[in-house]
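Spelled out, the chains give:
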Amino acid sequence: MRIADFALERYFARWEFTVEHIACASDVEGWSMAELVALADDETRSMWDGLRLGYTESTGHPLLRAEIATLYEHIAADDVLVFAGAEEAIFCLMSTELQAGDHVVVTWPGYQSLYEIARSVGARVALHLLREEDDWSLDIDRLVRSFHDDTRMVVVNAPHQPTGMLPSEEEWRRLASECSSRGIRLVADEVYRFLEHDARPALPAGADLDERAVSIGVMSKTFAMAGLRIGWLATRDHAVLDRCARLKDYTTICSSAPSEVLALIGLRARERVIARSRAIVGANLALLDDFFARRVDAFTWVRPGGGSTGFPRLAAGGPAGGSADAFAARLVEETGVLLLPSSAFGFDDSHVRIGLGRTDLRVALEKLENALA
Ligand SMILES: Cc1ncc(COP(=O)(O)O)c(C=O)c1O
């Protein structure tokens, strides 16, 4: 298999575990084991205490699949396939559902796996640009106009990373129905679902809106447990899950046994888990609102509608300078604060991703502001 480097991961590989402040993370500050295990109910506590470290069921622990299914309206346990993170789920889905020559539309800038794996199998990938001048919004008319007669798949991540784009429910339903009526499979990357800002409700899941649509979920972001490496696909189209399961036999075979039980504990306690994440993200959004309101000389800020990232632009002629690459390099060297320049998305050299999920953002912003001076 030949595939281009995952630019964001290569950037993180250099910095993630050596810097003081990761001000561009997309996950929420992880739970500690002690805090998480304390949330167990009687059943999951005894599963945890009595856990034997053998192989697990390849499709995922039945109780975990059943619990994941409760995040959806029309999804049953059998409609869920568990993977090692959303990343493995995306890899298996794109590798099995797309072939050379297939036409696929993917929103961009965005998570590179969502289009790079398609490219690696020879699919014709059309990157659908989200425009800053439209506040990064999803223009359904323009998106639908980009469909071809032979478009097989449309991939949309919402809430969106890095921009925080969140369509309205009406727009989202319309997209699902446009895809459905054309026989196009909608792939909804919903790893930031339930992190909507300003009391906006979560969108209906893609897999609930259409029988062929596929929803991608993960424990890493909203549930703040990236270290579990538990993700999933949910769809009523069992042929998709079957093809993915056959490829998974060659990737991980099955999930980590401890991670499955811990994910089950986390999902059963999801009210508390989500409330904690929303509190962290909400407090950071308030900090950023204040910061960007004061520093219009340095950045242009489109406020995210959901998710745990935002994508400010360096103001031309401002104190951050004209190049996001150069600013991010100077910042991390001088202050230990890591921002992600937009070149990691193959996008441009004037935006940076900022993360809303970490509890040290206040300190990181102070250091960033000193660097501006
Ligand atoms: C939109 C999107 N999808 C999928 C993933 C993959 O999640 P994980 O790394 O937990 O597998 C990410 C991670 O950043 C993401 O931003």
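Residues numbered from 1 in each chain as written. Predicted model: local features only at pLDDT ≥ 70, side-chain atom pairs only at ≥ 80, totals over all residues. Heavy atoms only, no water.

### Considerations on empty space enclosed by the protein
- Here the structure, examined in full by the defined rule, presents two cavities of 30 Å³ or more.
- Here the largest cavity is characterised by a volume of approximately 80 Å³.
- Surrounding the largest cavity, L71, Y72, E190, V191, R193, F194, I216, G217, V218, F223 and W232 form its lining.
- In terms of residues, the lining of the largest cavity owes the most to one element, strand β7 (residues 214-218), which gives three residues.
- Here the second largest cavity is characterised by a volume of approximately 40 Å³.
- Lining the second largest cavity, in full, are A158, P159, W172, E190, R193, E196, L203 and P204.
- Grouping the constituent residues of the lining of the second largest cavity by class yields five nonpolar, no polar and three charged. (1 Å grid on protein atoms, 1.4 Å probe; cavity = no way out; pocket = protein on both sides within 12 Å on 5 of 7 lines; lining within 4 Å. Points joined across faces, edges and corners; volume = space filled by probe spheres on them. Helix = DSSP H or I, 4+ residues; strand = E, 2+ residues; numbered from the N terminus. Nonpolar A, V, L, I, M, F, W, Y, C, P; charged D, E, K, R; others polar.)

### Considerations on the site of the ligand
- Near the ligand, the surroundings consist of 15 residues, among which A86, D189, Y192, S220 and K221 are the closest.
- In the model, an oxygen atom of the ligand is placed 2.7 Å from a nitrogen or oxygen of the Y192 side chain.
- A distance of 2.5 Å separates an oxygen atom of the ligand from a polar side-chain atom of S220.
- Expressed as a share of its isolated accessible area of 390 Å², the protein-covered part of the ligand is 93%.
- Structurally, the ligand is housed in the largest pocket.
- By residue number, the principal contributor to the shell around the ligand is helix α5 (residues 85-97), which donates four residues. (Near = heavy atom within 4 Å. Polar contact = N/O pair within 3.5 Å; in protein donor to acceptor, adjacent residues only side chain to side chain. Areas by Shrake-Rupley, 256 points an atom, 1.4 Å probe, with all protein chains shown as cover. Sits in = over half its atoms within 2 Å of the grid points.)

### A look at the packing of aromatic side chains
- According to the stated counting rule, one finds 11 aromatic pairs in the structure shown.
- Consider the rings of F6 and Y111, whose centres lie 5.2 Å apart with planes at 65°: the pair is edge-to-face. Residue F6 is found in the segment before α1 (7-15), and its partner Y111 is found in the loop between β3 (103-108) and α6 (113-120); the two are separated by 105 residues along the sequence.
- Residue class for F6 comes out buried when judged on its relative accessible area of 16%.
- Relative to F292, the ring of F291 has its centre 5.2 Å away and its plane inclined at 80°; by these criteria the two rings are edge-to-face. Here the two residues F291 and F292 agree in accessibility, since each one is buried.
- Here a set of aromatic residues connected by ring pairs shows up, and it is made of W108, W136, F311, F345 and F347.
- Positioned over the ring face of F83 is K248, at 5.5 Å from the centre of the ring. (Phe/Tyr/Trp six-rings, centres within 6.5 Å; stacked < 30°, edge-to-face > 60°. Buried < 20%, exposed > 50% of the residue type's maximum accessible area, 1.4 Å probe, protein only. Lys NZ or Arg CZ within 6 Å of the ring centre and 35° of its normal.)

### Concerning the sheet that holds strand β6 (residues 185-189)
- Strands sit in the order β2-β8-β7-β6-β5-β3-β4 across an open sheet of seven strands; the sheet is mixed. This sheet does not close on itself; its edge strands, each paired only once, are β2 (80-83) and β4 (124-129). Ignoring which end each strand starts from, the neighbouring axes of this sheet average 20° apart.
- Pairing of strand β5 (residues 151-157) with β6, which is carried by five bridges, proceeds in the parallel orientation. Looking across to β6, one finds that M153 is bridged to R185.
- Taken strand by strand, helix α4 (residues 62-69) contacts β2 and β8 (231-234), and its axis lies near 115° from that of β2.
- Each of β3, β4, β5, β6 and β7 is contacted by α6, which is oriented at about 160° to β4, the strand it contacts most. (Pairing = 2+ DSSP bridges. Axes fitted to C-alpha atoms, helices over the stretch in contact; angles between N-to-C directions. Contact = heavy atoms within 4.5 Å.)

### Digging into the domain arrangement of the protein
- On domain assignment, one finds that the protein holds domain 1 (7-32 + 271-372) and domain 2 (52-268).
- One C-alpha centre belongs to domain 1, the other to domain 2; they are set 25 Å apart.
- Contact residues are listed per partner, giving 34 residues for domain 1 and 32 residues for domain 2.
- For the pair domain 1 and domain 2, the summed buried area comes to about 2700 Å², and 56% of that belongs to carbon and sulfur atoms. (Domains from an automatic or database assignment. Buried area = accessible area lost by both parts, 1.4 Å probe.)

### Here's the deal with the nonpolar core
- Counting 63 residues, the largest nonpolar core has M219, F223, W232, F299, F327 and L368 as the members making the most contacts within it.
- Broken down by element, the residue count for this core peaks at nine residues, all from helix α12 (residues 270-294).
- Formed jointly, this core draws a minimum of three residues from each of two domains, domain 1 (7-32 + 271-372) and domain 2 (52-268).
- Formed by 39 residues, the second largest nonpolar core is a distinct cluster that contains F6, F12, L138 and V154. (Core = buried A, V, L, I, M, F, W, Y, C linked by side-chain atoms within 4.5 Å.)

### Points about the side chain of E369
- Inspection of the secondary structure assignment puts E369 in helix α14 (residues 361-372).
- A relative accessible area of 19% means that E369 is categorised as buried.
- Within the structure, the side chain of E369 is placed 3.2 Å from the side chain of R295, a separation counted as a polar contact.

### Some thoughts on the layout of surface pockets
- Of the pockets and cavities examined, the largest pocket occupies roughly 500 Å³.
- Lining the largest pocket we find 23 residues, and of these E9, S26, Y111, K221 and R229 sit closest to its centre.
- Secondary structure elements with two or more residues in the lining of the largest pocket: α1 and α5.
- The greatest single-element share of the lining of the largest pocket, amounting to three residues, is contributed by α1.
- Looking at the lining of the largest pocket residue by residue, the class counts come to 10 nonpolar, four polar and nine charged.
- The residues that make up the lining of the largest pocket include at least three from each of domain 1 (7-32 + 271-372) and domain 2 (52-268).

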